[in-house]
Amino acid sequence: MTSIPADADRAAPAGARRALTVAVVQAAAPLFDTPAAVAKAGDLIRAAAGRGAEVIVLPEAFIGGYPKGLDFGITVGSRTPAGRDLFRRYHAAAIDVPGPEVETLAALTRELGCHVVVGAVERRHGTLYCVALFLGPDGYLGLHRKLVPTAAERYLWGQGDGSTLPVVDTGTARLGAAICWENYMPLLRTAMYAKGVDLWCAPTVDDRDAWQATMRHIALEGRCFVLAAGQYLRRDALPDDVHPVQGDEPDTVLIGGGSVIVSPLGEVLAGPLRDGEGILTAELDLDDLARARFDLDTTGHYARPDVFTLHVDESPRATVTGG
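Residues numbered from 1 in each chain as written. Predicted model: local features only at pLDDT ≥ 70, side-chain atom pairs only at ≥ 80, totals over all residues. Heavy atoms only, no water.

1. Considering the pattern of salt bridges
Think of it this way: side chains of opposite charge can pair up when their charged atoms draw near. How we decide: One side-chain nitrogen of Lys or Arg within 4 Å of one carboxyl oxygen of Asp or Glu is enough to make a salt bridge. Secondary structure elements are defined from DSSP: runs of H or I of at least 4 residues count as helices, runs of E of at least 2 residues count as strands, and each element is numbered from the N terminus. Buried means the residue's accessible area, taken with a 1.4 Å probe over protein chains only, is under 20% of the maximum for its type, while exposed means over 50%, and partly exposed covers the values in between.
Under the defined criterion, the tally for this structure stands at 24 salt bridges. With a closest N to O distance of 2.8 Å, Glu122 and Arg145 form a salt bridge. Here Glu122 is found in strand S3 (residues 115-124), whereas its partner Arg145 is found in strand S5 (residues 139-145), with 23 residues between them in sequence. Judged by relative accessible area, Glu122 falls into the buried class, the value being 1%. By relative accessible area, which is 15% here, Arg145 ends up buried. One salt bridge in this structure joins Arg274 and Asp209, with 3.4 Å as the shortest N-O distance.

In structure tokens:
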């Protein structure tokens, strides 16, 4: 993992245009079938790279799965044996990081020479974490763990700490990630802006129209490109023996997509994509970053550290320390 200071800006030769082709993938992988999920991720990454994409973003929990509509037998103060066994299946489908599934994807990004951010469910002992994996031409680069799982996600996933807030230098731009409703955390956004994020990667399952406003707002606020990759999931993609609360009609849409790519001035460059799986691509003019930051840099010339300051604790928080 390479984190770099926010002021390490690059200067291009006079008249040279700095361009970067990016892609966001809208899809879902089979639930409880990790080999199939990794294979599908690999196919989609290869397809996006085949369109010239140098940075590719896949949705939240793509590997490990997002169990939309499943309640795991939870009511306040009570769990059921069936719900516990469903969690056992979900736990078994998660991946170790590092581990063989990560290495499979790392081998692919080494082969293709591209950078990838992919959502996954990480298994660490008895706890699962929703994570964004960073991979590149050098293989596995590190991860970000979701700081606050949203609502009922909290009985599935643990909380990340401040030690996994990376910014990855691709050689042409800086990548950072915020997963789904982390994008609504103003202090997290501020911390990431201070690290000089150029490409804000947002793996998500939020398919609401309001999400589009959030993505455009972050692009404007952070003066960064936003790459939001959402899942598209129908009932017929789930195993027959699980029953989402939305019903069992095969064509019921559980997650409706909405993937989008936005410029640093809030202009939609591609998407939002609806009604199916697909890949959005855009060629970015990286000089738009400087053009946009001319009049707004929220942690630079538009900051007031004499009035407002933010302390970020990036130390690992271990439950047990010592020998």
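2. With respect to the sheet that holds strand S2 (residues 55-57)
Put simply, the test is: Two strands pair if DSSP finds at least two bridges between them. Axis geometry follows a simple rule: fit a line to the C-alpha atoms, using only the stretch in contact for helices, then measure angles between N-to-C directions, giving values from 0 to 180 degrees.
Taken in spatial order, the 6 strands make up an open sheet running S5-S4-S3-S2-S1-S13, and their pairing is mixed. Only two strands of the sheet have a single partner each, and these edge strands are S5 and strand S13 (278-285). Each strand of the sheet is rotated relative to its neighbour by a mean of 30°, with strand direction disregarded. Bridge count for strand S1 (residues 19-26) against S13 is 8 bridges, and the pairing is antiparallel. Note on S13: the bridge partner recorded for Leu20 is Leu284.

3. Quick word on the packing of helix H1 (residues 34-50) against helix H3 (residues 100-112)
Here is the rule we go by: Each angle receives one of four descriptions, namely roughly parallel if under 35 degrees, roughly antiparallel if over 145, roughly perpendicular if within 65 to 115, and oblique otherwise. Helix crossings are classified by the rotation of the near helix relative to the far one: an anticlockwise turn of less than a right angle makes the crossing left-handed, while a clockwise turn makes it right-handed. Should any heavy atoms of two residues lie within 4.5 Å, those residues are counted as being in contact. Any residue that is not Ala, Val, Leu, Ile, Met, Phe, Trp, Tyr, Cys, Pro, Asp, Glu, Lys or Arg is counted as polar, Gly included; the first ten are nonpolar and the last four charged.
One can describe the packing of H1 onto H3 by two numbers: an axis separation of 10 Å at closest approach and a directional angle of 15°. Classified by the interaxial angle, the pair formed by H1 and H3 is roughly parallel. Considering only the axes of H1 and H3, their crossing is right-handed. Within the contact between the two elements, H1 uses Thr34, Val38, Ala41, Gly42, Ile45, Arg46 and Ala49 and H3 uses Glu101, Thr104, Leu105, Leu108, Glu111 and Leu112. Residues of the contact of H1 with H3, tallied by class, amount to 7 nonpolar, 3 polar and 3 charged.

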